[in-house]
Amino acid sequence: MVQLPGHLAALDPADYRCSLLALQLADEWVEYVAATEIGSQAKNYRHAIDHLCKYVDKVLGAEAAGASLADPSLFDTLVKWELSLPEEYDDGSTRPGLLASSLRVLVIRRDDHGERTVAADLARLARGPALLGSGESKERDEFTRKEKLAMVRAAWTSAHATRKRIEGSWALAAQGRHPDQGSWTSIADLLWGLAHEEITVEDIRRCVPLSREWPLDLLELAAGPGRMPRPSTARMQLARRLVARLYPTALDLHAFRVLLMDATGHTSEEVTSFGEAGVEFLPKGVRLTLLKHRAERLRHRAFRDQSPPEPRAPDDEDDSGELTVNWPRREASEVVRQLMDLTARARAKAPHVTDTLFINAAVRNDRTIVFNRWDPGQGRTQFRHWLDAMDVKVKGDRHIGRLRKSTKVEKAIVTEGRIDAAADDHTEETFAGHYAQGTTLRIMSGRTITTAQQHWFDQALERIDGPTVVTGAEDIDQGRLEEAGLTSEEAEGIMAGQLDMGVSHCKNPYQGPYSRPGELCAVAPLRCLECRNAWILPTNLPQLLLFKAHLERLRTLLAPQAFGRLWGQSWVNLKAVLHDRTSEELAQARKHIEAGEAVLDLPLAAHTEFDG
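Residues numbered from 1 in each chain as written. Predicted model: local features only at pLDDT ≥ 70, side-chain atom pairs only at ≥ 80, totals over all residues. Heavy atoms only, no water.

1. Examining the overall build of the chain
Scanning the chain from N- to C-terminus turns up 24 helices and eight strands. Taking the contacts inside the chain whose residues are at least 6 apart along the sequence as the reference set, 63% of them involve residues at least 24 apart. Of the roughly 32200 Å² of accessible surface on the chain, a fraction of 50% belongs to carbon and sulfur atoms. (Helix = DSSP H or I, 4+ residues; strand = E, 2+ residues; numbered from the N terminus. Contact = heavy atoms within 4.5 Å. Areas by Shrake-Rupley, 256 points an atom, 1.4 Å probe, with all protein chains shown as cover.)

2. Comments concerning the packing of aromatic side chains
How two aromatic rings sit relative to each other is given by the distance of their centres and the angle of their planes. Applying the stated criterion across every chain, the model contains six aromatic pairs. Taking the centre distance of 4.9 Å and the plane angle of 80° together, the rings of Y247 and F371 count as edge-to-face. In this pair, Y247 sits in the loop between α10 (234-246) and α11 (253-264) while F371 sits in strand β5 (residues 369-373), placing the two residues 124 residues apart along the sequence. Judged by relative accessible area, which is 5%, Y247 ranks as buried. Accessibility expressed as a relative area gives 13% for F371, which makes it buried. Taken together, a centroid distance of 6.0 Å and an interplanar angle of 20° make the contact between F383 and W386 stacked. Taken as a pair, F383 and W386 lie in helix α14 (residues 383-389) at a separation of three residues, close to a single helical turn. (Phe/Tyr/Trp six-rings, centres within 6.5 Å; stacked < 30°, edge-to-face > 60°. Buried < 20%, exposed > 50% of the residue type's maximum accessible area, 1.4 Å probe, protein only.)

3. Regarding the packing of helix α1 (residues 19-36) against helix α4 (residues 95-112)
In helix packing, the relevant descriptors are the interaxial angle and the interaxial distance, both defined with respect to the helix axes. Put simply, α1 and α4 touch, their axes get as near as 9 Å, and they point 90° apart. When the interaxial angle is binned, α1 and α4 end up roughly perpendicular. Touching Q24, L25, E28, W29, E31, Y32 and A35 of α1 are L103, V105, L106, V107, R109 and R110, all from α4. (Axes fitted to C-alpha atoms, helices over the stretch in contact; angles between N-to-C directions. Parallel < 35°, antiparallel > 145°, perpendicular 65-115°, else oblique.)

4. Quick look at helix α22 (residues 560-579)
Spanning 20 residues, α22 covers only 22 Å between terminal C-alpha atoms, well under the ideal 28 Å at 1.5 Å per step. The sharpest bend along α22 measures roughly 75° and falls at W567. Restricting attention to buried positions, one finds in α22 the residues A562, F563, W567, G568, S570, W571, V572, N573, L574, A576, V577 and L578. (Expected span 1.5 Å × (residues − 1). Bend = angle between axes of the 7 residues up to and from the residue.)

5. Considerations on the side chain of T77
Here T77 is to be found in helix α3 (residues 75-84). Setting aside residues no more than four positions away along its own chain, T77 makes contact with Y55, V56 and L60.

6. Considerations on the nonpolar core
Counting 71 residues, the largest nonpolar core has L238 and L242 as its most contacted members. Those residues in contact with L238 that sit more than four places away from it in its chain are L190, V208, W214, L218, L221 and A222. C53, L69, L74 and L78 belong to the second largest nonpolar core, which has 38 residues in total. (Core = buried A, V, L, I, M, F, W, Y, C linked by side-chain atoms within 4.5 Å.)

7. Focus: a negative patch on the surface
A surface patch of negative charge is lined by D477, E482, E483, E489 and E492. Looking at the secondary structure, you find E483 in helix α19 (residues 478-483). Under the relative-accessibility criterion, E483 is labelled exposed at 71%. (Patch = residues over 30% accessible without salt bridge, like charges linked within 9 Å, V, L, I, M, F, W, Y side chains within 5 Å. Salt bridge = Lys/Arg side-chain N within 4 Å of Asp/Glu carboxyl O. Lys, Arg positive; Asp, Glu negative; His and termini not counted. Charge placed at Lys NZ, Arg CZ, Asp CG, Glu CD.)

8. A word on unusual backbone geometry
In this model, A524 is joined to P525 through a cis peptide bond whose omega is 0°. In this fold, P525 is placed in the loop between β7 (505-506) and β8 (534-536). Of note, E197 is a non-glycine position whose phi angle comes to about 55°, a positive value. By the secondary structure assignment, E197 is in the loop between α7 (187-195) and α8 (201-207). The backbone phi angle of D391 is positive, close to 55°, even though this residue is not glycine. As for its placement among the helices and strands, D391 is situated in the loop between α14 and α15 (401-414). With a relative accessible area of 54%, D391 lands in the exposed category.

9. With respect to the pairing of strand β4 (residues 359-363)
Among the five residues in β4, four count as buried, and that is most of the element. For β4 and β5, the ladder comprises five bridges, and the chain directions are antiparallel. Each bridged residue has a counterpart across the sheet, and for V363 the counterpart in β5 is I369. Where β4 hands over to β5, the hairpin turn is made up of five residues, of which R367 adopts a positive phi near 70°. (Pairing = 2+ DSSP bridges.)

10. Notes on the sheet that holds β8
Read from one edge to the other, the open sheet built from three strands follows the order β6-β8-β7, with strand pairing classed as mixed. Across the chains shown, the open sheet's two edge strands, defined by having one partner strand only, are β6 (468-469) and β7. Relative to β8, β7 runs antiparallel, the two sharing two bridges. Of the residues in β8, the one forming a bridge with C506 is A534.

11. Observations regarding the packing of helix α21 (residues 541-557) against α22
Their axes nearest at 11 Å, the elements α21 and α22 cross at an angle of 145°. The two elements α21 and α22 meet at a crossing, and its hand is left-handed. Along the contact surface, α21 presents L541, L544, L545, F547, K548, L551, E552, L554 and R555, while α22 presents F563, W567, W571, L574, V577 and L578. Across the contact of α21 with α22, the residue classes break down as 12 nonpolar, no polar and three charged. (Left-handed = near helix turned anticlockwise from the far one by under 90°. Nonpolar A, V, L, I, M, F, W, Y, C, P; charged D, E, K, R; others polar.)

12. Brief notes about the pattern of salt bridges
Summed over all chains, the structure comprises 22 salt bridges. Here D50 makes a salt bridge to K54, at a shortest N to O gap of 3.2 Å. Here K54 and D50 lie together in helix α2 (residues 42-60), a separation of four residues that amounts to about one turn. Residue D50 is classed as buried on the basis of its relative accessible area of 18%. The partner of D121 in a salt bridge is R124, and the shortest N-O contact between them spans 2.2 Å.

13. Some remarks on the environment of K80
Along the chain, K80 turns up in helix α3. On the basis of relative accessible area, K80 is assigned to the exposed category, the value being 52%. Along the sequence, K80 and V59 sit 21 residues apart, while their C-alpha atoms lie 9.9 Å from each other.

Distances and angles like these do not, on their own, reveal function.
This is the structure we're talking about:
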């Protein structure tokens with residue numbers, strides 16, 4: 001039997017007819033997992049081995065006993081196995097490609113070993129192009145705001161209950177004594193013995209009497225109020241409950257992962273992968289060293305404590321469908337302190353684990369107490385089981401990754417849809433591909449665009465990254481321009497028409513944001529509506545209307561995504577400028593255009609870009 005330490009299930013080659021093949025692959029699996037420490041992903045390699053061996057047994061029958069990676073005749077079987085994988089999964093599933101690539105990794109690893117033999121044909125197959133596509137993964141939608149708030153509240157409730165349970169149990173243990181001197185049916189004495197390592201689980205199995213002789217409090221501890229434990233497993237059940245009274249369990253730690261993800265906005269992988277050395281408490285916050293293995297990125301992030309939120313009415317969505325974001329109090333420092341206090345004794349029992357604070361205690365079937373790093377995907381202690389235990393109802397897939405998406409969506413909403421702000425810990429492409437397709441953002445998209453337009457309109461005279469709009473009568477004098485912030489030279493140049501760029505005037509065309517300093521702006525007038533040097537006067541209104549007609553033509557030629565990327569900001573700014581004009585001003589401007597008194601000069605590329 002091949003056994004991995006920790007949560008991974010044993011693999012017994014004797015379970016297959018092709019026992020030699022199973023043993024060869026299992027050896028590589030064990031060494032690969034030990035060398036890479038890939039954690040929960042290790043189960044994919046075990047599933048690939050199991051799937052292949054069952055296939056080989058079925059196809060080769062009695063001849064499966066001779067199957068070996070050193071035998072080139074296995075080539076056809078491996079090919080047929082890989083090609084048969086999609087038959088068992090839905091169209092587009094990523095699972096077949098994952099199993100096939102996992103097996104190839106093990107074969108390549110064995111071929112790389114100097115003292116292990118792999119047939120040349122099999123090695124070429126493993127190193128060659130994949131026979132299956134990678135499939136298409138379905139993006140998970142984020143949790144709704146109500147679901148997320150319910151999870152956070154449940155997490156705080158769970159964290160407080162865990163701390164109260166453990167503190168109370170150590171206080172009770174301090175009142176006990178060795179069960180030989182006290183009683184093997186006294187909870188205080190049993191806790192004392194386990195806390196001081198004076199007794200073991202095996203001692204509990206041997207010395208605790210049969211469950212029918214237990215007092216009521218011991219029965220309720222082992223099985224719960226009003227329930228009776230099974231006599232055959234009562235002692236083991238009691239031992240697990242006693243250990244869980246003294247140390248955090250795998251189910252307890254889900255709450256702290258939820259709270260840290262909510263407080264920091266980082267992934268599950270990052271908030272569970274920093275140890276005590278990666279924590280630095282600040283006067284008003286905490287600095288954490290976060291490691292993201294998949295992206296191979298190490299970050300040092302400070303999280304400041306926030307003031308308590310203002311009291312508010314119930315946060316139900318109204319009938320209009322609008323969503324509001326009420327940021328809960330996120331104090332990462334408090335969560336980290338509680339986690340460190342809660343796991344301090346468990347971490348002291350596992351000095352070999354220094355890269356995480358998530359250490360839990362467990363009683364194995366061999367009656368040993370093990371302190372090790374937390375595995376959130378183990379057995380009946382997964383995230384979905386924690387949700388059930390805390391009575392948190394969610395729709396759809398109960399996966400912790402959806403909580404990360406909820407946080408990213410909230411950030412995108414609060415930052416008014418700016419991807420660069422929401423994608424603060426990965427690329428904008430990653431955000432667009434994995435987070436920007438959520439239901440909440442689709443609902444909010446129209447509102448976000450409207451907010452952005454209104455923001456530009458309201459701040460038109462104060463913006464430093466867009467044009468300045470001067471409204472009023474057409475006879476704007478130089479003094480008014482100087483009062484608005486221009487120098488006398490700049491105002492004089494505008495009044496003289498020397499700085500007219502077409503749709504606007506430019507206070508300094510040699511210091512534009514789109515060209516090198518000292519060089520004449522090369523993008524006027526196409527980007528004037530996005531430029532901080534641009535000054536729009538009432539006399540520019542006819543050219544603005546002509547430019548609007550040009551952009552409307554482009555909207556019919558470009559896909560919405562392309563138009564938004566290339567011309568979205570100019571379009572929004574232009575509409576905001578024209579919105580402020582009266583109907584009389586617009587009518588007068590159109591008369592100028594019809595009379596041929598207004599002409600819009602655009603670069604040749606603006607007319608020929610789509611001629612093909």
